[in-house]
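Listed below, chain by chain, are the residues.
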Amino acid sequence: MAADKVDGRRERSKRTRAAIVGALTTLLDEGRIEPTAVDIAKRADVAVRSIAQHFASREELLLAVAAHHSERLEHEPVDAKLPLEQRMDLFATQRARELEASRAMRGAAAVVLARSPGVARALHVASERRRAETARVFAAEIATSPEPRATERSLALVTSGRAWDAVRTELGLGTKAARDQLVILLRSTLGR
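Worth saying up front: this structure is predicted, and the values here are computed from it rather than measured.

Asks: Break down the nonpolar core for me, with residues and values.
Replies: One finds Ile20, Leu24, Leu28, Ile40, Leu61 and Val65 to be the most contacted residues of the largest nonpolar core, which totals 22 residues. Elements represented by at least two residues in this core include exactly α1 (2-29), α2 (37-44), α4 (58-72) and α6 (103-112). Top element by residues in this core is α1. It accounts for six residues. Discounting residues that sit within four places of it in the chain, Leu61 has contacts with Ile20, Val21, Leu24, Ile40, Ile51 and Phe55. Within the second largest apolar cluster, 14 residues are counted, among which are Val78, Phe138, Ile142 and Leu186.

Asks: Tell me about the packing of aromatic side chains, and name the residues and values.
Replies: Enumeration over the complete set of coordinates arrives at one aromatic pair. Relative to Phe138, the ring of Phe91 lies with its centre 5.2 Å away and its plane at 75 degrees, an arrangement referred to as edge-to-face. Taken as a pair, Phe91 in helix α5 (residues 84-101) and Phe138 in the loop between α7 (117-137) and α8 (139-143) lie far apart in primary sequence, 47 residues in all. By relative accessible area, which is 0% here, Phe138 ends up buried.

What counts and how
Residues numbered from 1 in each chain as written. Predicted model: local features only at pLDDT ≥ 70, side-chain atom pairs only at ≥ 80, totals over all residues. Heavy atoms only, no water. Core = buried A, V, L, I, M, F, W, Y, C linked by side-chain atoms within 4.5 Å. Buried < 20%, exposed > 50% of the residue type's maximum accessible area, 1.4 Å probe, protein only. Helix = DSSP H or I, 4+ residues; strand = E, 2+ residues; numbered from the N terminus. Contact = heavy atoms within 4.5 Å. Phe/Tyr/Trp six-rings, centres within 6.5 Å; stacked < 30°, edge-to-face > 60°.

Written out as structure tokens, the structure reads:
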């Protein structure tokens, strides 16, 4: 009987934690870059004090949201053996979906980046993961390039979150046009 009570508390605690993470994720997705604890609690349908009980700091909460966000963006890797045109098309579609879905996260992270080493590390890890995926998908083209290192760096740049955000905001392109622009940038970078 006592074990059931403890398990019930543990399950309730998991649900509350998930509700808080889900609430902040939703608020960020809606463009609310710095929602207050009251906003998060209201959206999660929990007491404000529950946030502090489950997360020692705002940074810890943001890292939990980043982990949750990464899980929801997981996808099948692009087969590096496919013909180049097909790889570029699949890669651009997946990367566009990922970068568009994480725009609000990058905006929220930018606000706390200077005062949050954990968020800075999480951004770096996400960036390195994307960079490695790009290098894997286009390894054959990078290897045969006259300047492999420069080609790899250029690919990392044109497929980055910052480049996506610039195409979306500075050029004012919609998601489909931005995705198409990514294919053009890939072709140009790979000399195709």
